[in-house]
Amino acid sequence: MPGKPIFGNPRRPRLLSDLRQVKRGDAQLREQLLQDYQPFILKTVSRVTGKYVEIENSEEFSVGLMAFNEAIDCFDERKNPNFLAFCEYVIRRRTIDFLRKTKNDARVYPFTCFEDEDGNFQESYLVKENEQIFIRQSETVEIKEQIEAFAQELAQFGITLGDLVRCSPKHKDSRQTAIETARTLAGRDELYQCLMKSKKIPLVELAAAAGVRKRLIEKNRKFIIAVCLILRSSHDVLRNYIPNAGEGRDIR
């Protein structure tokens, strides 16, 4: 994997003053910042794509580099004094947009916007205030509308977006098994209809159909229901973050 973000770089304490100077037109310092922060750009892009990214002949890195440059121009320290956090957000959004437009292998960004590098559901689209979860106002209209509609669907099962932040499977294998179980639930009409009618997972029947233990379903109930709802929905943006969501027959 690329090197760690250069938080220990001796230039860091001067970063805000450097940014002010760049905004005043110092092109040479801009180029120096782009050079100094290449490890940070590489790591951020790699986390989004899920693969090793090289500087040479890498479209993804070029996108990240342009995003870093864009972040310099758009950064307003009066609103957010943490440039690197803002920059990471811009790089992630531009990289995700690039992957979607070029239709690269969907497996390189399953749940990218929702997971950290350990596979935990994170709040990339969300912000927490006073123990309540809100959708960031800065997200695109399409994504914001789909997340809001999804949140309403989850509420019918007593599940919140905050629940998903806390209860997503932490290990890759467990998460993949839960996703496959959710795909079985979404793909079997009799199981899905039972879920929608009772607002409960048909535990015995799903365990048999998916070939998993009931304990696994119980442990990951909220996550399985959430993935099932996405698979059966018209939320195409959210469906893109589920590995191989389009495989097999259309279950919507």
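Keep in mind the model is a prediction, meaning the values are calculated, not measured.

Draft legend 1. Just the packing of helix α8 (residues 172-187) against helix α9 (residues 189-198), in detail. It is at 5 Å that the axes of α8 and α9 come closest, and there the two elements cross at 90 degrees. Judged by the angle between their axes, α8 and α9 are roughly perpendicular. Contacts between α8 and α9 involve Thr184, Leu185, Ala186 and Gly187 on the former and, on the latter, Asp189, Leu191, Tyr192 and Leu195. Its residues placed into classes, the contact of α8 with α9 shows five nonpolar, two polar and one charged.

Draft legend 2. Fine view of the nonpolar core. Judged by nonpolar contacts, the single largest core of 31 residues is most densely connected at Phe150, Leu154, Leu185 and Ile201. Those elements that place two or more of their residues in this core are α6 (141-155), α7 (161-167), α8, α9, α10 (203-210) and α12 (221-231). Looking at this core element by element, the count peaks at nine residues for α12. Setting aside residues no more than four positions away along its own chain, Phe150 makes contact with Leu161, Leu164, Ala226, Leu229, Ile230, His235 and Leu238. Among the nonpolar cores identified, the runner-up in size contains 23 residues, and Leu42, Phe75, Cys87 and Val90 belong to it.

Here is what the cut-offs are and how they apply
- Residues numbered from 1 in each chain as written.
- Predicted model: local features only at pLDDT ≥ 70, side-chain atom pairs only at ≥ 80, totals over all residues.
- Heavy atoms only, no water.
- Axes fitted to C-alpha atoms, helices over the stretch in contact; angles between N-to-C directions.
- Helix = DSSP H or I, 4+ residues; strand = E, 2+ residues; numbered from the N terminus.
- Parallel < 35°, antiparallel > 145°, perpendicular 65-115°, else oblique.
- Contact = heavy atoms within 4.5 Å.
- Nonpolar A, V, L, I, M, F, W, Y, C, P; charged D, E, K, R; others polar.
- Core = buried A, V, L, I, M, F, W, Y, C linked by side-chain atoms within 4.5 Å.
- Buried < 20%, exposed > 50% of the residue type's maximum accessible area, 1.4 Å probe, protein only.

Everything listed here is a matter of coordinates, which is why it stays silent on function.
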